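Below are the chains, spelled out letter by letter.
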Amino acid sequence: MASAYSCALSLAPASFITNLGLAGVENCPVSWTIGADAANMAGRDSYFQGEVPLPQWVGWVVVIGFGALFSIFTTIVVYLDKTFAGNASMTSEHFNTAGRMVKTGLTASVIVSQWTWAATLLQSSNVAWQYGVSGPFWYASGATIQVLLFGVLAISLKDIAPSAHTMCEIVRARWGKSAHLTFLFFAFCANIIVTSMLLLGGAATVAALTGMRYELASFFIPWGVILYTSTGGLKATFMASYLHTMIIFAVLITMITLVYIKVYSSDQIYSFLDNTVSYSPEQCMAIYSTEGTPETSFFYSGDKTVLGDTEGTPQYACGAVPGNAQGSYLTMLSGDGLMFGIINIVGNFGTVFVDQSYWQSAIAARPASAARGYLLGGICWFAIPFSLATSLGLASTALMLPITRGEAGSGLVPPAVADNLLGQAGAVLILIMLFMAIVSTGSAESIAVSSLVAYDIYREYINPEASGKQILWVSRVVIVVFGLFMGLFSIALNAMGLNLGWVYLFMGIVIGSAVIPLWNMMTWDKASGKGAIISAWSGFILALIAWFVGASVESGAVNVSTLGSNPVMLSGNLVAILSSGFIHYVYSKFIDPQDFDFATLDANIHLVEQDTAGLTEDVMDKDVIRRSKRWIIRRGYLLTFVLIIVWPILSIPAQVFSESYFAFWVLVSIAWGFGAAIVITFLPLFESQDEIGKVCSGIGNFLMCKKTTEEYAEEPAKEVDEPAKEADAAAEEEA
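The rules we used
- Residues numbered from 1 in each chain as written.
- Predicted model: local features only at pLDDT ≥ 70, side-chain atom pairs only at ≥ 80, totals over all residues.
- Heavy atoms only, no water.
- Helix = DSSP H or I, 4+ residues; strand = E, 2+ residues; numbered from the N terminus.
- Contact = heavy atoms within 4.5 Å.
- Areas by Shrake-Rupley, 256 points an atom, 1.4 Å probe, with all protein chains shown as cover.
- 1 Å grid on protein atoms, 1.4 Å probe; cavity = no way out; pocket = protein on both sides within 12 Å on 5 of 7 lines; lining within 4 Å.
- Points joined across faces, edges and corners; volume = space filled by probe spheres on them.
- Nonpolar A, V, L, I, M, F, W, Y, C, P; charged D, E, K, R; others polar.
- Buried < 20%, exposed > 50% of the residue type's maximum accessible area, 1.4 Å probe, protein only.
- Phe/Tyr/Trp six-rings, centres within 6.5 Å; stacked < 30°, edge-to-face > 60°.
- Lys NZ or Arg CZ within 6 Å of the ring centre and 35° of its normal.
- Patch = residues over 30% accessible without salt bridge, like charges linked within 9 Å, V, L, I, M, F, W, Y side chains within 5 Å.
- Salt bridge = Lys/Arg side-chain N within 4 Å of Asp/Glu carboxyl O.
- Disulfide = S-S within 2.5 Å.
- Axes fitted to C-alpha atoms, helices over the stretch in contact; angles between N-to-C directions.
- Parallel < 35°, antiparallel > 145°, perpendicular 65-115°, else oblique.
- Left-handed = near helix turned anticlockwise from the far one by under 90°.
- Lys, Arg positive; Asp, Glu negative; His and termini not counted.
- Charge placed at Lys NZ, Arg CZ, Asp CG, Glu CD.
- pLDDT = per-residue confidence, 0-100.
- Core = buried A, V, L, I, M, F, W, Y, C linked by side-chain atoms within 4.5 Å.

Enquirer: Explain the overall build of the protein here, please?
Expert: Broken down by element type, the protein carries 27 helices and two strands. Nonlocal contacts in the protein, meaning residues at least 24 apart in sequence, comprise 83% of its contacts between residues at least 6 apart. About 26400 Å² of surface is accessible on the protein, with carbon and sulfur atoms providing 64% of the total.

Shown next, in the form of structure tokens:
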């Protein structure tokens, strides 16, 4: 394999190769021999170098044009569904719950779509660039188990609070006003942090690939979400999310095929990765230099780096990996990889359990579909970070592309590799894939925030007698305002020097303390409301203290850079979730134990309109719900145990992967990617064949002038009388 990257085959200037030979470098990076821009790779101090592979108009077409396209598409689909499939007209209930009748396949597709952030596509490859094979695994497993376990809460919600619109409504019904305001704060924090990551990563990639100004990309990206979400509500979001997920998997399959089947093979990537870690620090300095000599190197950070007295941190993937067994990328024995995995697990519990969008998907699902949809969605989502980063992330280090640590932290590993493999076509595919992730998750976050404001602020504290039309109007206004606010907020975060990777590690510190109280609220009759308030705020404050103290102890200074190190972030994340859980348990068990009757919870939650779709007795079959709960508990816990305990332990004996072991690892990632793509694409279509048939038949009859008024007449939504003030007062007192 050595000849594949021998310096004799390199397209670098002859003088550069001669100097490398004097430094003892015989094998040059593969990217100097193969790739769209191989002749210009030597001496390059960054991959993109301030230049862009795509014209600026492509950025505008994707950001503005795709948003308009999806708005038109979803509006047409929602209209056809309403007109020809006999679905109800748009009420506030339907806008925010999608009729509570979504089936398993579409629920799974929506979960995949919601959980596929810009970070999923970008940050997962960054940790592969940093830690090797352990990075994609810990990213995928560390963020899959939360979805699997949330299935338990999803079916619990169907059992004890089927009428709920938001998680904070449930908090209000069980624990009262003070707890309601507390968890409303954490819910908004979750939505803002998730949307910030979408725009930080998305805008950085759009700017890097097209030259579109970062500020303009941040501001205009939300508009694609605003248009169709404010028009069609949760149902439009679900339908668009299905299409987004299909496109994401199509690009994923393309990239896997290119790296491991068409252009390279697993054996070649294995050999290339071995070569990457074989260089000494001096040889790495010579490779990443202006003239092929250590004296002209830019390998380390800092203006002055002299051989024998290196200063700063390596800025490129070259040489042994610190903290990994034998310095290899091909091992699960990675200290930093494991540390990232723990941070990932803790932080992502917050962004699932505290994010209203996941509760909203549970509310929208049929009872029998809620548990299965979350389990299937989690399993299919695993393939996206695992398969994508195992291909593009590892390829970036195998080919030794001149991707800087800053570029990797900003999420530019996938676009760099795709550009190297396919030129402009690769950059366009990653750009489209990224935009799909941004708008799919962004639309879910927008509808989540609109529901929180409409039901938990407007209806609860401003206008308790609000009608369905007023709720609907508020929901739509909030979607627009939130989109504009987040565009401006992400610009401010970028100006502060915060990138995607920093915010990703930070999220658990802010919202981790709300996780265990929310779990206890749905599953433990003794959970105390006062204890929940105390534990959530105490955990938050203690996490901030641990975070700042950790940075001061480790580095002697507190700034954006020192606060962003893995050990410091880990301390803050762990303190947030563990201290909160301990405080809530102790307070509920020994100080203020409750004996709550879950059967009374739903009585304190009221519908705005007489839209009882998904709430009828035949749908809310208690036996079905109990069986579904047992089903998800067994499988959710088992898969969680396998993903974070069994799989890593089984990979330990391998130490550094052999060539055949790595080939098997790659085979698993390819098979998982293809299998997930098939399930997510075809299961929703199979389950919805009756509805699709009705729509197609209706369109055919309409075109043949056979449509009758009676056939497609809508049943008007019936307004329900608001609960009597006495009933409200009684509910308040009981809460």
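Enquirer: Help me understand empty space enclosed by the protein, please; the structure alone is not making it clear to me.
Expert: Space left empty within the atom packing is revealed by a probe, the size of a water molecule, rolled over the atoms. Applying the stated rule across the entire model yields four cavities of 30 Å³ or more. In this model, the largest cavity occupies a volume close to 100 Å³. Lining the largest cavity are 13 residues, and of these Thr 195, Leu 199, Pro 222, Val 225 and Gly 442 sit closest to its centre. Breaking the lining of the largest cavity down by element, the ones donating at least two residues are helix H8 (177-210), helix H9 (214-262), helix H17 (424-462) and helix H18 (468-495). In terms of residues, the lining of the largest cavity owes the most to one element, H9, which gives four residues. In terms of residue class, the lining of the largest cavity is made up of nine nonpolar, four polar and no charged. Considering only enclosed or pocket space, the second largest cavity measures out at about 50 Å³ in volume. Lining of the second largest cavity is provided by Pro 29, Trp 32, Met 41, Gly 43, Arg 44, Ile 287, Tyr 288, Met 400 and Pro 402. Residue classes in the lining of the second largest cavity are distributed as seven nonpolar, one polar and one charged.

Enquirer: What exactly am I supposed to notice about the environment of Glu 215 here?
Expert: Mapped onto the fold, Glu 215 is located in helix H9. Judged by its relative accessible area of 31%, Glu 215 falls in the partly exposed class. Distance in space between the C-alpha atoms of Glu 215 and Ala 495 is 9.8 Å, their sequence separation being 280 residues.

Enquirer: I'm lost on the side chain of Asn 324 in this one. Help?
Expert: Positionally, Asn 324 belongs in the loop between helix H11 (281-287) and helix H12 (335-353). Discounting residues that sit within four places of it in the chain, Asn 324 has contacts with Tyr 131, Tyr 329, Thr 331, Leu 333 and Ser 334.

Enquirer: Looking at this structure, I do not really get the packing of aromatic side chains. What am I missing?
Expert: Enumeration over the complete set of coordinates arrives at 51 aromatic pairs. Ring geometry for Phe 382 and Trp 647: centres 5.8 Å apart, planes at 35°, overall tilted. Of the two residues, Phe 382 sits in helix H14 (residues 367-398) while Trp 647 sits in helix H24 (residues 622-651), which places them 265 residues apart along the sequence. The class of Trp 647 is buried, set by a relative accessible area of 17%. With a centroid separation of 6.3 Å and 65° between ring planes, the pair formed by Trp 537 and Phe 540 is classed as edge-to-face. Residue Trp 537 and its partner Phe 540 are both found in helix H21 (residues 529-555); the two are separated by three residues, about one turn of the helix. Judged by its relative accessible area of 31%, Trp 537 falls in the partly exposed class. Over the ring of Tyr 47 we find Arg 44; its NZ or CZ atom is 5.2 Å from the centre of that ring. For Arg 372, the ring lying beneath its charged end belongs to Trp 631, and the centroid distance is 4.5 Å.

Enquirer: I would appreciate a short explanation of a nonpolar patch on the surface in the present structure.
Expert: On the surface, Phe 185, Trp 537, Ile 541, Leu 542, Ile 545, Val 549 and Val 553 cluster together into a nonpolar patch covering about 630 Å² of accessible area. Among the elements that take part in the nonpolar patch, H21 stands out by supplying six residues, more than any other.

Enquirer: How should I be thinking about the state of the cysteines in this particular structure?
Expert: By definition, a disulfide links the sulfur atoms of two cysteines through a covalent bond. Considering all chains together, one arrives at two disulfides under this definition. In this model Cys 7 forms its disulfide with Cys 28; the gap between the sulfur atoms is 1.9 Å. One quick way to see it: the torsion about the S-S bond of Cys 7 and Cys 28 is about 100°, and its sign makes the bridge right-handed. Taken together, the positions of Cys 7 in the segment before helix H1 (14-22) and Cys 28 in the loop between H1 and helix H2 (56-84) put the pair 21 residues apart, joining distant regions of the chain. Like Cys 7, the residue Cys 28 is buried in the burial classification. Here the bonded cysteines of the protein are numbered in sequence order, and their pairing is 1-2, 3-4.

Enquirer: I keep staring at helix H7 (residues 167-175) and nothing clicks. Help me out?
Expert: Two residues of an α-helix separated by three or four positions point the same way, owing to the 3.6 residues in each turn. Counted residue by residue, H7 has nine buried out of nine residues, so it is predominantly covered. Along H7, the residues that are buried comprise Met 167, Cys 168, Glu 169, Ile 170, Val 171, Arg 172, Ala 173, Arg 174 and Trp 175. Trailing H7 by a residue or two, Gly 176 shows a phi angle of about 95°, which is positive.

Enquirer: Please clarify how the packing of H7 against helix H20 (residues 515-523) should be interpreted in this entry.
Expert: Packing of H7 against H20 leaves a shortest axis separation of 11 Å and a crossing angle of 65°. Relative to H20, the element H7 is oriented roughly perpendicular. The two elements H7 and H20 meet at a crossing, and its hand is left-handed. Each of Met 167, Ile 170, Val 171, Arg 174 and Trp 175 in H7 lies in contact with H20, whose residues at this interface are Pro 517, Leu 518, Asn 520, Met 521 and Met 522. Here the contact of H7 with H20 is composed, by residue class, of eight nonpolar, one polar and one charged.

Enquirer: Quick question: what am I supposed to make of a positive patch on the surface here?
Expert: A cluster of basic side chains, namely Arg 372, Arg 627, Arg 630, Arg 634 and Arg 635, defines a positive patch on the protein surface. Tracing the chain through its elements places Arg 634 in helix H24.

Enquirer: How should I be thinking about the confidence of the model for the protein in this particular structure?
Expert: Caution applies to low-pLDDT parts of the model: their predicted coordinates are not meant to be read in detail. Taken over all residues, the pLDDT of the protein has a mean of 84, while the share at 70 or more is 89%. Across residues 708-735, where pLDDT falls below 50, the model places 41 contacts with residues more than four positions away in sequence or in other chains.

Enquirer: What exactly am I supposed to notice about the nonpolar core here?
Expert: Within soluble globular proteins, side chains that are nonpolar generally end up buried alongside one another. Membership of the largest hydrophobic core comes to 230 residues, with the highest contact counts inside it found for Trp 117, Ile 170 and Phe 662. The element best represented in this core is H8, accounting for 20 residues. Apart from the residues lying within four places of it in its own chain, the contact partners of Ile 170 are Leu 157, Ala 161, Ala 164, Trp 359, Met 521, Met 522, Leu 601 and Ile 605. Formed by six residues, the second largest nonpolar core is a distinct cluster that contains Val 110, Phe 238, Tyr 242 and Ala 364.

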